[in-house]
Amino acid sequence: MTIRFDLAKQYGKFKPLNATNGGPWYKRHATDQFRSNFEDYKAARIPYSRNHDSNASGVYGGPFAHDVSVIFPRFEADPCDPASYDFACTDEAILACLEAGTQTFFRLGETIEHQIKKHHTLPPADFKKWAVICEHIIRHYNEGWADGFHLGIKYWEIWNEPDLDPDDSPNKRTWGGTEAQFHDFFETAAKHLKSCFADLNIGGPASAGNHGWVERFLCEMQKRNVPLDFFSWHIYCVEPEQLLRSAYAFRTIMDKYGYEKAESICNEWNYVADWGRDYVESLKVIHGAKGAAFTMGCITLSQSAPVDMLMYYDTRPSVFCGAFDFYTYETLPGYYPLYWFGMLYGCTEVRAEEPVENIYTLCGVDENGLVTAIITHYSNRTEVENKKIALDFGKKDGKYDVYLLDGNKKGELVESGTDRLEFDMKVCSCILVKERPER
């Protein structure tokens, strides 16, 4: 089966689809017990790192970073007084990301609370004061307030997964109030922050993916004339097509309620079969070649889908990180889809002429006319068999280096300077083809 690319038909630049939750595992102040994935993280050219759940990891300052409740630990304090804030650990996390070439996508809110008693995911006692606190956090990072910085952080997201648990749930992990209360809260925060920072992207609410809740939310925001520069949402699934369907569904709802110009950002996603009996098996998949192929398939489909950014969950030290080993910080198979996609920045997209079932293709041409292509064979179904494929770039007479990612090869070079682009692709494998410059 031949996959053909017409290099004369070009579709524009590649979108930021290898963004992540969690930055590099890098303590710049550390002098002992030193481990770091900094160089590998930097090499992946990750454009944005969302800071949600980052205070659950010691590499980012532990429980002293990112959440509004730790930056502003005493809610009764004066939000206009710099002494009311504790920025040090959050500063360090953001600066470490910047050193890796990665901008922070700042989640204004709280880390999910799985504990029996909830502390900071309850609705703020005063919605307007909470918004004023966030205003000063933004001023610290973008306007130098309180011995701060001028970082130009663009994206500011209000809260996380308010729709994760229904109003009558006895275990509300992310928003302890009602749906109606969240509408009031979001309206207050979004209007205040947008009035202060017209040039920044203010949005949210990082929906857990409840389509009915989202429809009610956006309908209510339209009625209240609430500004929304981006709508963010999450999905955990087993087939890339499931992510694709959600992208179309949320784009449709956004357009329906007048948010046609707002960006659609999927800023949590990964492989999960379910959250019950198959949860542990899902974690095993995330850390292996199948999880890596799933990741590459999702990134590939999103390039032509109505979604503006993907943010993999996650690259902090956690059970969901398929990119780096929890103990050694060394790369895992799931690193290579992020790393390989980063190679396409600066290229112009070219698309395969005909789709092939279970085969996902990305192809780019750089300013020198050199081709980079990523081919993925993925399916969650056990009955799918290997596929023999060939790549055809037209009359182009080039030499290519070929890298393989599967159960045996971890992004390794398997052919050097070849002009034979024929492969027997196992299920859940990926191939990177890079054209060599002429000498």
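I will try to describe carefully the structure that is included in this document. (Residues numbered from 1 in each chain as written. Predicted model: local features only at pLDDT ≥ 70, side-chain atom pairs only at ≥ 80, totals over all residues. Heavy atoms only, no water.)

1. Quick word on the overall build of the protein
Looking only at helices and strands, one finds 10 helices and 17 strands in the protein. By the compact-globule yardstick of 22 Å for 439 residues, the protein fits well, its C-alpha radius of gyration being 22 Å. Projected onto the principal axes, the alpha-carbon positions of the protein cover approximately 70 × 50 × 45 Å. Taking all 439 residues of the protein together, the buried fraction comes to 58%. In the protein, the proportion of contacts linking residues at least 24 apart, taken out of those at least 6 apart, comes to 74%. Accessible area of the protein: about 18500 Å², with a carbon and sulfur share of 49%. If you average the places of the 47 positive and of the 64 negative side-chain charges in the protein, the two averages end up 2 Å apart. (Helix = DSSP H or I, 4+ residues; strand = E, 2+ residues; numbered from the N terminus. Rg over C-alpha atoms; globule rule 2.2 N^0.38 Å. Buried < 20%, exposed > 50% of the residue type's maximum accessible area, 1.4 Å probe, protein only. Contact = heavy atoms within 4.5 Å. Areas by Shrake-Rupley, 256 points an atom, 1.4 Å probe, with all protein chains shown as cover. Lys, Arg positive; Asp, Glu negative; His and termini not counted. Charge placed at Lys NZ, Arg CZ, Asp CG, Glu CD.)

2. A closer look at the packing of aromatic side chains
One pass over the structure, following the stated rule, counts 48 aromatic pairs. Ring centres of F231 and F250 lie 5.8 Å apart, and the angle between their planes is 50 degrees; this geometry places the pair in the tilted category. Note that F231 is positioned in strand β7 (residues 230–237) and F250 in helix α7 (residues 240–256), a separation of 19 residues in sequence. Note on accessibility: F231 and F250 belong to one class, buried. (Phe/Tyr/Trp six-rings, centres within 6.5 Å; stacked < 30°, edge-to-face > 60°.)

3. Description of the packing of helix α6 (residues 211–223) against α7
Across the interface, α6 lies against α7 with an axial gap of 9 Å and an inter-helix angle of 25 degrees. It follows from the interaxial angle that α6 and α7 lie roughly parallel. Both α6 and α7 take part in a crossing whose hand is right-handed. For the pair α6 and α7, the contacting residues are H211, V214, E215, L218 and Q222 in the first and S246, A249, F250, I253, M254 and K256 in the second. Here the contact of α6 with α7 is built from residues that sort into six nonpolar, three polar and two charged. (Axes fitted to C-alpha atoms, helices over the stretch in contact; angles between N-to-C directions. Parallel < 35°, antiparallel > 145°, perpendicular 65-115°, else oblique. Left-handed = near helix turned anticlockwise from the far one by under 90°. Nonpolar A, V, L, I, M, F, W, Y, C, P; charged D, E, K, R; others polar.)

4. Examining α6
A rise of 1.5 Å per residue sets the reference length of α6, with its 13 residues, at 18 Å; its end C-alpha atoms lie 18 Å apart and thus fit the reference within 8%. Those residues of α6 that fall on the buried side of the exposure criterion are W213, V214, F217, L218 and M221. What you see down the axis of α6 is that its buried residues fit within an arc of 125 degrees, all on one side. Two or three places before G212, at the opening of α6, N210 has a side-chain oxygen 3.2 Å from that residue's backbone nitrogen. After α6 finishes, the residue N225 shows a positive phi value of roughly 55 degrees. (Expected span 1.5 Å × (residues − 1). Arc of directions from axis to C-beta. Polar contact = N/O pair within 3.5 Å; in protein donor to acceptor, adjacent residues only side chain to side chain.)

5. Quick word on helix α10 (residues 335–342)
In terms of burial, α10 is largely enclosed, as seven of its eight residues are buried. Within α10 the residues assigned to the buried category are Y335, Y336, P337, L338, W340, F341 and G342.

6. Some remarks on the sheet that holds strand β14 (residues 400–405)
Strand order in the open sheet formed by nine strands is β15-β14-β17-β12-β11-β10-β1-β13-β16, and the pairing between neighbours is mixed. On the outer flanks of this sheet lie β15 (410–418) and β16 (422–425), each paired with one strand and no other. Adjacent strand axes in the sheet meet at a mean angle of 25 degrees when their direction is disregarded. Strands in contact with helix α9 (residues 289–303) are β1 (2–13), β10 (348–352), β11 (359–365), β12 (371–377), β14 and β17 (429–435); relative to β11, the strand with the most contacts, it is inclined by about 60 degrees. (Pairing = 2+ DSSP bridges.)

7. Topic: the pattern of salt bridges
Inspection of the entire model under this criterion finds 29 salt bridges. The residue E357 makes a salt bridge to R381 at a minimum N-O spacing of 3.9 Å. One end of the pair, E357, is in the loop between β10 and β11; the other, R381, is in the loop between β12 and β13 (387–392), with 24 residues separating them in the sequence. According to the relative accessible area criterion, R381 is partly exposed, its value standing at 36%. Sharing partners across several salt bridges, the network here consists of D184, E187, K191, E220 and R224. (Salt bridge = Lys/Arg side-chain N within 4 Å of Asp/Glu carboxyl O.)

8. Looking at the sheet that holds β7
Here eight strands make up a closed barrel; going around it, the order is β2-β3-β4-β5-β6-β7-β8-β9 and the pairing parallel. Neighbouring strand axes in the sheet, compared pairwise and without regard to direction, differ in orientation by 30 degrees on average. Across three bridges, the pairing between strand β4 (residues 103–108) and strand β5 (residues 155–158) is parallel. Among the inter-strand pairings, L108 is bridged to a residue of β5, identified as I158. Against the sheet, helix α3 (residues 88–99) engages β3 (48–50) and β4, with an angle of about 145 degrees to β4. Set on the sheet, helix α5 (residues 179–196) makes contact with β4, β5 and β6 (201–207); between it and β6 the angle comes to about 160 degrees.

9. Section: the side chain of S264
Counting through the fold element by element, S264 comes out in strand β8 (residues 263–271). Here W233 takes part through its side chain, which lies 2.9 Å from a polar atom of the side chain of S264. When near neighbours in sequence (up to four residues on either side) are disregarded, S264 contacts F231, W233, R251, M254, P306, V307, D308 and M309.

10. Some thoughts on the pairing of β8
Along β8, nine of the nine residues are buried, which leaves the element largely enclosed by surrounding structure. Inspection of the sheet shows β7 paired to β8 by eight bridges, in the parallel sense. Bridge pairing in β8 places F230 opposite E263. Viewed along the sheet, the connection from β7 through α7 into β8 turns out right-handed. Pairing geometry for β8 and strand β9 (residues 309–312), over two bridges, is parallel. Residue I265 lies in a different strand from β9, and its bridge partner there is M309. (Right-handed = clockwise from strand over helix to strand, strands pointing away.)

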